[in-house]
Structure formats: structure tokens, C-alpha cells
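Observations on chain architecture
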Amino acid sequence: MNELVHGALYGTLIATAILSTIAMGIWFERKFAGRMQQRLGPTIVGPAGLLQPFADIIKLLQKEDIVPRDADRGLFDLAPILAVVCSLGVAAVIPFSPSIIASDLDVGVLWVLGIGGLMVIPTFAAGWGSNNKFALLGAMRAIAQSVSYGVPLVLAVLVPVVLSGSLSISGIVAWQAQHHWFAVWPIVPGLPAFVIFFLAMLAESNRIPFDIPEAESELVAGITTEYTGAKFTLFYMAEYVHTLVGSALGAALFFGGWDGPFAPGLHWMVLKTLTLFVLIYWVRWSLLRFRADQLMRLCWTWLTPIGVALLLVSAAWVTFGGTN
Amino acid sequence: MQSAWLSAFAFLLVSTLVGAGLLGAASVLRVRAKYDSPLKHNTYECGEEPAGMSWMQFHARYYVVALFFVLFDVEAAFFFPWATVLREEGTSAFIAAVTFAAVLMLGWLYAVRKEALEWQ
């Protein structure tokens, strides 16, 4: 019972923090993208356009809810909620400081991969339920992509698991706090594993350069083609939550999470997470979209074998000395 | 540690409430349309009348991707318990993993040579 209250309390706290971060993150992204393209970004609503995300949310919630006549109503309505659950649920096991963690699960890594992997279900429910050709094509591409990139993701996540010998994320962070960050040392499985993790995470959250599932020049809007108003907002939110939680996960697994000198753990975790989050925006507004075949080739002929090799290197590191 | 599952499921419950709550808020805030048109509820197909349903067959290459995913995901499932005991088991566990990975990558090499991994 105590644990239920703890989970619900910290869940509310963490979910609120994540959602307000992404609201401001959307403002930041538009400002950032604007500056990169030599324009100003939002300026009208509030000082420096700071209230723009709230205006957007209120506008979206007021929109009419249109469900296509031929759609599968049940799947169509369920998909956006499931998308939010699958992206937000991952945050349950991420330690934001030594004490701020909703659920210190001893198989935290499996929870992250499992709940994150379930994301294909709302994707397919949305694509199939819409009964729209663009949506179905988008869903099929999204599933092929996230299923493929799930493999290098798992292999990259296995590197910190092997090096620390723990499946719990707080355990992995504690190990790094005691010894060293995995992205820094041992640098050979650590840093390349982080790069693979980062690429796979971009692909899993359908970010440029891997945003083929909703390539707007080909597929209108992919799975969200038929969605309006609040349900569209939920998909949009889920995508940003996925990115932010992925950044937090990268910070925890490879950059020592809350570990750092001079400041409380929470500050370090937030700093690292936001740095990765900004890096994703930077990539997004700098690169072009891959083609579907390039995307698949990168995953299966490069990232997967490299991931297996890195896994074996980290195993050798653990077995034959190096770190203890 | 078992009780951590309760917290995790409470977290999922909170996430569900976030999603459902937003939909609930929208159903209160929403502006209702004054009149309706049958065209509004048509499936979107760039303004044309939709041609048939979209519940149809799709390309077989998706099936191949699913097969590879199953293969490599099963392999990953084997790696997880191994990763946690590697420190105690030492060299024998390391050799076992290398053998396992070698067999797996042999299959991967075959797939590459057969061009099964090409998206075409």
C-alpha cells in the first residue's frame, strides 16, 4: 500500500515535471530553430513568446473532435492514451536524484525496454484504426523502424548493464558514481555504445533524421493524419515525452545520472538530461531525412554488428580486469 | 524490492490518468460545431473520394523485418541474465557468450550475403 502511494505521488511529481519541461521545450525548440534560420521564432504571446505553448495547448483542446466514418472507433480512441502511457511509463524507473525515483525496480532496464517497446501497439492501433492509407503506411513504416532500431538499442543498453553487473537503473548510476561514467571510461565500449543508443533513441522517437514514419512530403502526417484536437495533442505530447525520457535515460546510463561535484544530484541529472535534449533539437534542425532503405541499412548492416562487438568488448573488460 | 512493482504500476496508472484527463478536459473545453456535413467524416485522401478501405495487404518486406526482430530479440533476452552473472562466472561465461555471438553473427552474415537485409 505504501509503495502504491509512493509510486502515485512520485509519478504525479515526475509526470508534472516532464510535461512542464516539454511545454517549455516546445517554446525553446521554436526559438532555437528560429535563431538557426535567422528568424525570431515566437514573439507575440507573452514576453519573448514564452506563453506560446499554453496558447497552443488551449487552442488544441478547443478543436472539434472528428472521427472518420469508416474508422475503428475503439482503437482510434484508445491509441493516443496508450501512446502517452507507453512513453511516460518509462520514466517510472529513472532516478532523478538518489532519492527521487518513482519505483526502484531491480529489473529497471527491462522495464524501460519493455514499456518503450510497447509503443508499437498504439502506433499500429492508430494506423489501422484510422482506416486511412497514409496512416496505415505510416504505422507500418514506424513499426518496421522502431522494431529494427530496438535491436541496436538493446545491445547498446546491455553495455552499461554488463559493465556494472546490474539491471537496475539506480544500481547502474550508483556504480558510475562510485567508479566512473561509462561514456568516459572504459571509452571503447562506452562512448560508441552511447552513440548507438543516441541514434537508436532518435529512431525510436521518430526524430529527424529518422522521421520517415511521418515524412510529411510523402505521407501527409503518418499515423496522425486523421487525428484532431486533443487526440492529436496526445500523440504530439507522447513524441516529446519519449524524446525527453530518452535523454534522461541516456544521461543515467552513460553519463552517471545524478553524479557530479558541487551541486545536488537533481541539478546534475536535469543538466545532463537537458543537454541531450538540446542536442536532439540541434540534430533535428541541422540534418535532412534519410531514405527508408538507408535507414534500414544503417540499422542492420552497421549498428547491429557493431553493437554485438561492443557487447563482447565490454564483457572482455569485465572478465579480464580493467574495471571491478 | 518486489514491492517496487506496485510503485511502477501506480506510475502507469498516473500516466493513464494524464492521457485520459487531457481527453476529458478537451471534451469540456471543446467548441461544438453548429452544423455537420457527411463530407467532414470522410477518410482523408487528399480531397478525393476515398477509394475503398485501407485494410488491405501490405508489402512482404515488413514480414522479413519482423522475423529478424524476433531472432535478435530472443538473442537479447539470452544476454540479459548472462550480463548479471558475468562477474561471478568469469572466463567460462565470456567464452559461452563469444560462441553464442559467433553463431548469431554467422546467421547475420548469411542474411547480408543473401541481401535479405536490403529494403527493396
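Provided above is the structure to which this section pertains.
Procedures and definitions
- Residues numbered from 1 in each chain as written.
- Chains lettered and ligands numbered in written order.
- Predicted model: local features only at pLDDT ≥ 70, side-chain atom pairs only at ≥ 80, totals over all residues.
- Heavy atoms only, no water.
- Phe/Tyr/Trp six-rings, centres within 6.5 Å; stacked < 30°, edge-to-face > 60°.
- Helix = DSSP H or I, 4+ residues; strand = E, 2+ residues; numbered from the N terminus.
- Buried < 20%, exposed > 50% of the residue type's maximum accessible area, 1.4 Å probe, protein only.
- Lys NZ or Arg CZ within 6 Å of the ring centre and 35° of its normal.
- Contact = heavy atoms within 4.5 Å.
- Buried area = accessible area lost by both parts, 1.4 Å probe.
- Salt bridge = Lys/Arg side-chain N within 4 Å of Asp/Glu carboxyl O.
- Nonpolar A, V, L, I, M, F, W, Y, C, P; charged D, E, K, R; others polar.

Below, the discussion takes up the packing of aromatic side chains. Residues and elements named next belong to chain A. Applying the stated criterion to the full structure yields 22 aromatic pairs over all chains. Summarising the aromatic geometry, the rings of F28 and F32 are spaced 5.3 Å apart at their centres and angled 20° between planes, so their arrangement reads as stacked. Here F28 and its partner F32 are both found in helix 1 (residues 2-36), four residues apart, which amounts to about one turn of the helix. Classification of F28 as partly exposed rests on a relative accessible area of 30%. Among the aromatic residues, those joined into a cluster by ring pairs are F194, F197, F198, F254 and F255. Sitting over the ring of W181, K272 keeps its end group 3.9 Å from the ring centre.

This next bit is on the interface of chain A and chain B. Each side of the interface is counted separately: chain A has 88 residues, and chain B has 66 residues. Interface area, chain A with chain B, both sides summed: about 7,000 Å², of which 75% is carbon and sulfur. Seen at the junction of chain A and chain B, the total is one salt bridge. The residue A:E64 makes a salt bridge to B:K40 at a minimum N-O spacing of 2.6 Å. At 16 residues, helix 6 (residues 133-164) of chain A tops the list of elements feeding residues into the side of chain A that touches chain B. Tallied by class, residues from the side of chain A that touches chain B come to 54 nonpolar, 19 polar and 15 charged.

That's the geometry; what it means functionally is another story.
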